[in-house]
Structures are given as C-alpha cells and as structure tokens.
Amino acid sequence: MTRQEIDDFLRGLGAEIRNTRDGYVEYKFFDKSRVMIRPNGEVIRTPAPKYGSDGKNLNKGLRLDRDGKLL
C-alpha cells in the first residue's frame, strides 16, 4: 500500500491523526490503541491498554506484530 492508501484506510477506521515534532504520524483509535509510522516508514502498533483490578496498566510497552499478536 502507498502511504496515502494507508492514511485513507486508517482514517476510514475512525483514527485521530497527529503529526509529532519528530516526524512520526500517530493514528489513535477510540479504544486507545495506536498505530505510529516513523519517518523511515517503520510501522509501530500498540494495543489498547488493559488494566488490572488495582488500576495498574498490564500491557504498557507491548507492541503488536503484523498478525496482531503481542510481542
């Protein structure tokens, strides 16, 4: 997919788009999951946060692979 096709696809899923000072493009979704695209084209996917009964974030810092499995 081209960068424009990716942008159109993620916008179609309801993502909020933000450009960072470092040149990243961040797509944030309603469930608080994110897709970030680095200036070099690398894609970083992070899952929606999950919290334990004590309120602690259980999956902070985890990423998703291309199949949606946690790394």
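First things first, this report covers the structure right here in the doc. The shown structure was predicted, so the numbers you read here are calculated from the model rather than taken from an experiment.

**Topic: the side chain of D7**
Turning to step 1, where the next piece is worked out: Summarising the element assignment, D7 is placed in helix α1 (residues 3-12).
Turning to step 2, where the next piece is worked out: Relative accessible area serves as the criterion here: at 13%, D7 is assigned to the buried category.
Turning to step 3, where the next piece is worked out: Once residues lying within four places of it in the same chain are set aside, the contact partners of D7 are I17 and Y27.

**Examining the pattern of salt bridges**
Turning to step 1, where the next piece is worked out: Overall, the coordinates contain four salt bridges when judged by the stated rule.
Turning to step 2, where the next piece is worked out: Residue R11 pairs with D7 through a salt bridge whose shortest N-O separation is 2.7 Å. Here D7 and R11 lie together in helix α1, a separation of four residues that amounts to about one turn.
Turning to step 3, where the next piece is worked out: The class for R11 is partly exposed, based on a relative accessible area of 46%.
Turning to step 4, where the next piece is worked out: E42 is paired through a salt bridge with R38; the nearest N and O atoms lie 2.7 Å apart.
Turning to step 5, where the next piece is worked out: For E42, a relative accessible area of 34% puts it in the partly exposed group.
Turning to step 6, where the next piece is worked out: Taking the relative accessible area as the measure of exposure, R38 reaches 22% and is therefore partly exposed.

**Some thoughts on the side chain of N59**
Turning to step 1, where the next piece is worked out: Looking at where N59 falls in the secondary structure, it is placed in the segment after β4 (43-46).
Turning to step 2, where the next piece is worked out: N59 gets classed as buried once you look at its relative accessible area, which sits at 9%.
Turning to step 3, where the next piece is worked out: A polar side-chain atom of N59 sits 2.9 Å from the main-chain carbonyl oxygen of A48.
Turning to step 4, where the next piece is worked out: The residues contacting N59, other than those within four sequence positions of it, are P47, A48, P49 and K50.

Thresholds, definitions, all that
Residues numbered from 1 in each chain as written. Predicted model: local features only at pLDDT ≥ 70, side-chain atom pairs only at ≥ 80, totals over all residues. Heavy atoms only, no water. Helix = DSSP H or I, 4+ residues; strand = E, 2+ residues; numbered from the N terminus. Buried < 20%, exposed > 50% of the residue type's maximum accessible area, 1.4 Å probe, protein only. Contact = heavy atoms within 4.5 Å. Salt bridge = Lys/Arg side-chain N within 4 Å of Asp/Glu carboxyl O. Polar contact = N/O pair within 3.5 Å; in protein donor to acceptor, adjacent residues only side chain to side chain.

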